[in-house]
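Tertiary structure, described
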Amino acid sequence: MRYILLFFLAFTSTLGFAQPDFDNIIYDNEVYVDHISSVQFYINGFPLDDPIISIEDENPLALLFDDFDAEVADYYYTIVHCNMEWEPSNIQQMQYIDGFVEERIMDWRFSQQTMVGYTSYSLTIPNRNMRFTKTGNYLLVVYKKDRGPIPILTRRFVVYEPQLLIEANLVRPNQVKKLRTHQEIDFSIFRDPKFRIANPRQEIRATILQNGRWDNAIEGVVPFFIKSQELVYDYQDKIVFPGLKEFRFVDTRSLRFRNFNVEEIIRRVDGHDVILATDAERSRNPYVQIADANGKFTIENQDRGDPFLSADYADVFFTYKIEQPFYDKDVYLIGAFNDWQIEENYRMVYNDRIGAYVLKTPLKQGYYNYQYAYVSRDDPAQQFTTDQSEGNWHATENDYTILIYYRPFGARYDQVIGHARINSLD
């Protein structure tokens, strides 16, 4: 009996039923070390799609990232089930993972014919070694095991099971002051009578995302009223987002020929400089509809070879024209490329000689959307704003995602039972 018990303990240890004990992990999209860059996480084959998949979907999620360290590292990954508030759920990993709960990333390759060397890592999930068995919010964690689990990066994703029908519409806001600047979402949920929800106001919550962003998501919304099998979300001035304007963009897919908005490409001995056209505030400018990626980015290379391994890094120079520097706020560059975060690496510095804020940052060849954001110096913890730098317009093209969370009485975790996506131009 003693030998059987020892074997069982060794077997469960091998499966890794105990969740790795991470210190100071952030349950958000985050990069924890400076040598990791160009993190992409999307539905495999669709680089502009958000990492939200059906539990029945055979197409996995794809994670790609570059490492500037010269040696190949032993990177491992695991997933953590989270509740609606992005806190660890009250269930064990063996209850939501089928297979091993941690695995090493085995797919890595060195860059090819690039002036800046890197190692590219890739992963698809679910895979034959790790599959999820429950719907809900998940956090993908990539880490090293040198001195205990050290997080390298984390990515949010959502797994849902379509058990509801969602009908959504974009409407004009009720408040007059927001009519020309904001977009409001109304929607209804239709459920099958066989799918019983005992108390919808207690058990059902909705989260609405604009352009796949979690930093400004509207979360935890209960039904406004209930009629028969329909749950109605017809609030006034609650599910409302700034309309934004079409995103600015930089196109570095070629380092041989200048694409639109690129003024000059300088080839150095050890790399490239890409000088962009000068930007300026545009909140007072007329709205112009142009095709964009709604804040996202893709890695592409029009010059040669594999778009991921032959795409080079270049120092990209941004210039934001302002006659006088701000004394009460700082200017930052933001977009999906830096997870919509205010980071010191993307804080712009005022250059008196040219009368503009400037920034130099390395970017891998590709197509990037970006904005300029203002952050108050008096309250740096305050949410950044783009109202003055970019402006808002009610007719701007934006994507909206609706997620329906369900936790019946006595349940230990939040399920995701509905998902819908609409475009403001539909």
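**Comments concerning the packing of aromatic side chains**
In the structure shown here, the tally under the stated rule is 32 aromatic pairs. For the pair Phe132 and Phe157, a centre-to-centre distance of 5.7 Å together with 45 degrees between the ring planes defines the contact as tilted. Of this pair, Phe132 sits in strand S10 (residues 130-132) while Phe157 sits in strand S12 (residues 150-160), placing them 25 residues apart in sequence. The buried category is assigned to Phe132, whose relative accessible area is 8%. Relative accessible area serves as the criterion here: at 1%, Phe157 is assigned to the buried category. Aromatic rings pair up to connect Phe318, Tyr320, Phe326, Tyr350, Tyr357, Tyr370, Tyr372 and Tyr374 into one cluster.

**Topic: the sheet that holds strand S2 (residues 36-43)**
Ordered by their spatial adjacency, 4 strands build an open sheet running S2-S4-S9-S8, and the pairing between neighbours is antiparallel. One side of each edge strand has no neighbouring strand; the edge strands of this open sheet are S2 and strand S8 (107-110). Ignoring which end each strand starts from, the neighbouring axes of this sheet average 15 degrees apart. Relative to strand S9 (residues 119-125), S8 runs antiparallel, the two being bridged by 4 bridges. Looking at the pairing, Asp107 lines up with Ser122 of S9.

**Considerations on the confidence of the model for the chain**
On average, the chain scores 92 in pLDDT, and the residues at 70 or more come to 95%. Every residue in residues 1-18 is under pLDDT 50, and counting partners more than four places away or in other chains gives 11 contacts.

Reading the values: the criteria
Residues numbered from 1 in each chain as written. Predicted model: local features only at pLDDT ≥ 70, side-chain atom pairs only at ≥ 80, totals over all residues. Heavy atoms only, no water. Phe/Tyr/Trp six-rings, centres within 6.5 Å; stacked < 30°, edge-to-face > 60°. Helix = DSSP H or I, 4+ residues; strand = E, 2+ residues; numbered from the N terminus. Buried < 20%, exposed > 50% of the residue type's maximum accessible area, 1.4 Å probe, protein only. Pairing = 2+ DSSP bridges. Axes fitted to C-alpha atoms, helices over the stretch in contact; angles between N-to-C directions. pLDDT = per-residue confidence, 0-100. Contact = heavy atoms within 4.5 Å.

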